[in-house]
Amino acid sequence: MSSKDLNDELMMERALRNAEAVRLTASPNPWVGSVLVTPSGDVFDGSTMPVGAEHAEVNCLLKADTETRGSTLYTTLEPCCHSGNTPPCTEALVQAGIGRVVVGIIDPDERVNGQGVADLRANGIQVEVGVKEDEVRSQLLPYIHHRTTGRPYVVVKVASTLDGKIAASDGSSKWITGPQAREEAHKLRAYSDAICVGAETVRIDNPRLTVRDWSPASGLTEGLDPLRVVLGEAPENSLIHPCIEMTGEIEDILYELGAKGVLQLLVEGGGNTISRFHDSGYVDRYEIFFAAAFFGGGDSVSMLSGDGVRAIEDLWRGRIVNLSQRGDDFQVSVEPKLSK
């Protein structure tokens with residue numbers, strides 16, 4: 001690897017870190033990181049600001065207190081070339097005299113999708129695409145999924161005993177897992193734009209569905225609570241209010257939420273709701289927290305309701321992508337082998 005290629009990778013890794021720092025505040029915009037390197041060696045960092053404010057590339061330019069002509073701009077996502085809440089980033093880069101732009105991935109948004117790169121090249125800017133592409137795709141997975149399907153990236157979260165049960169026969173389920181697992185589950189809430197439960201869960205558990213057991217390194221928790229969605233009708237005095245009440249097929253619900261700008265949806269239950277999403281085939285990842293506990297017997301609530309498969313060849317099979325210890329519990333991350 002040449003020194004130029006190595007430096008490109010190091011700068012893109014820095015851009016990835018800048019993007020991760022705004023993961024919780026940028027959505028529904030993509031969480032993008034950028035780095036500006038001037039010919040004299042000055043370096044400026046930028047990331048996507050909350051909706052309505054500057055994108056990462058322009059944020060870099062605004063921070064630069066020196067001449068930017070001939071600089072190299074690293075950005076995890078292709079610069080936008082359309083006017084929305086902000087002017088086109090490509091226009092700002094051209095006006096700043098940027099000489100070279102290094103891009104992680106092409107933006108799948110139909111308003112961009114290669115046109116940003118084309119505009120930069122048409123204005124004499126050298127553009128390279130694909131540096132740290134796999135890492136950028138992984139970081140922007142919910143955004144990419146939303147822009148390519150119109151639906152949120154769906155994560156099902158389950159807290160279960162080792163025998164696959166999520167509640168006692170009376171419906172109670174607090175608390176199956178311990179504090180470390182609950183903290184991680186609340187982090188999942190913070191990283192999701194909306195959280196969904198069934199009306200029966202609201203009636204039995206009366207959950208708040210807030211991010212109260214986890215906070216980012218900054219300690220700032222304001223605005224982290226996701227939009228709350230109930231399948232069915234929530235009782236008037238429920239703690240879940242304000243919420244959105246929805247009915248209909250899972251596919252239709254997902255497209256409606258996607259149209260509202262929900263990039264990632266967290267589904268928390270109960271068993272009937274989890275089963276509806278599982279049976280729809282639209283779950284993109286399962287996060288299952290197992291406690292070292294057993295309900296035993298056959299009258300407790302299983303994580304999936306309804307009739308199971310009759311033959312071993314009909315088993316639903318996915319792939320385990322991560323295993324993590326969470327105090328006395330452990331977390332299993334599972335993805336489908338095939339998804340819609």
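Look a little higher up for the structure.
So, how was this worked out
Residues numbered from 1 in each chain as written. Predicted model: local features only at pLDDT ≥ 70, side-chain atom pairs only at ≥ 80, totals over all residues. Heavy atoms only, no water. Helix = DSSP H or I, 4+ residues; strand = E, 2+ residues; numbered from the N terminus. Rg over C-alpha atoms; globule rule 2.2 N^0.38 Å. Buried < 20%, exposed > 50% of the residue type's maximum accessible area, 1.4 Å probe, protein only. Contact = heavy atoms within 4.5 Å. Areas by Shrake-Rupley, 256 points an atom, 1.4 Å probe, with all protein chains shown as cover. Lys, Arg positive; Asp, Glu negative; His and termini not counted. Charge placed at Lys NZ, Arg CZ, Asp CG, Glu CD. Patch = residues over 30% accessible without salt bridge, like charges linked within 9 Å, V, L, I, M, F, W, Y side chains within 5 Å. Salt bridge = Lys/Arg side-chain N within 4 Å of Asp/Glu carboxyl O. Polar contact = N/O pair within 3.5 Å; in protein donor to acceptor, adjacent residues only side chain to side chain. Disulfide = S-S within 2.5 Å. Pairing = 2+ DSSP bridges. Axes fitted to C-alpha atoms, helices over the stretch in contact; angles between N-to-C directions.

(A) A look at the overall build of the protein. Helix and strand content of the protein: 11 helices and 15 strands. The C-alpha atoms of the protein give 22 Å as radius of gyration, which agrees with the globular expectation for 340 residues (20 Å, within 12%). The burial tally for the protein puts 51% of its 340 residues in the buried class. The long-range fraction of contacts in the protein, counting pairs at least 24 apart against all pairs at least 6 apart in sequence, stands at 70%. Accessible surface, the protein as shown: approximately 16300 Å² in total, 47% of it carbon and sulfur. For the protein, the separation between the mean place of its 32 positive charges and that of its 49 negative charges on side chains is 2 Å.

(B) The arrangement of a negative patch on the surface in detail. Where like charges cluster on the molecular surface, the negative patch consists of Glu249, Glu251, Asp252 and Glu256. Counting through the fold element by element, glutamate 251 comes out in helix H10 (residues 250-259). Owing to a relative accessible area of 34%, glutamate 251 belongs among the partly exposed residues under this scheme.

(C) Main features of the pattern of salt bridges. One pass over the structure, following the stated rule, counts 14 salt bridges. We note a salt bridge from glutamate 9 to lysine 132, for which the minimum N-O separation is 3.8 Å. Note that glutamate 9 is positioned in helix H1 (residues 3-20) and lysine 132 in the loop between strand S5 (126-129) and helix H6 (133-139), a separation of 123 residues in sequence. With a relative accessible area of 26%, glutamate 9 lands in the partly exposed category. Through salt bridges with shared partners, a single network forms among Glu9, Glu13, Lys132 and Glu135.

(D) Quick peek at the environment of isoleucine 253. You can see isoleucine 253 is positioned in helix H10. On the accessibility criterion, isoleucine 253 (1% relative accessible area) is buried. Distance from isoleucine 253 to leucine 231, taken between C-alpha atoms, is 9.3 Å for residues 22 residues apart in sequence. Other than its neighbours up to four places away in sequence, isoleucine 253 contacts Leu231, Met246, Thr247 and Gly248.

(E) Layout of the side chain of glutamate 268. Relative to the helices and strands, glutamate 268 is located in strand S11 (residues 264-269). We classify glutamate 268 as buried; its relative accessible area is 16%. Within the structure, glutamate 268 has its side chain in polar contact with the side chain of arginine 189 (distance 2.8 Å). Residues contacting glutamate 268, with those up to four places away along its chain left out, are Lys157, Arg189, Ile195, Cys196, Val197, Leu209 and Ile274.

(F) How the structure looks around the state of the cysteines. Scanning the entire structure with this criterion turns up 0 disulfides. Free of any disulfide, cysteine 89 has its nearest cysteine sulfur in cysteine 80, 3.6 Å distant.

(G) Structural context of the sheet that holds strand S15 (residues 329-336). The strand order S10-S9-S8-S11-S6-S12-S15-S14 describes an open sheet built from 8 strands, whose pairing is mixed. Every interior strand has two partners, whereas the edge strands, strand S10 (244-246) and strand S14 (318-326), have only one. Ignoring strand direction, the axes of neighbouring strands in this sheet form an average angle of 25 degrees. Pairing of strand S8 (residues 194-198) with strand S9 (residues 227-231) involves 5 bridges; the strand directions are parallel. In the strand pairing of S9, alanine 194 is matched with leucine 227. This element, helix H8 (residues 179-190), spans strand S6 (153-161), S8, S11, strand S12 (285-291), S14 and S15 of the sheet and lies at about 165 degrees to S12. Relative to the sheet, helix H11 (residues 271-280) contacts S6, S8, S9, S11 and S12, its axis offset from that of S11 by approximately 135 degrees.

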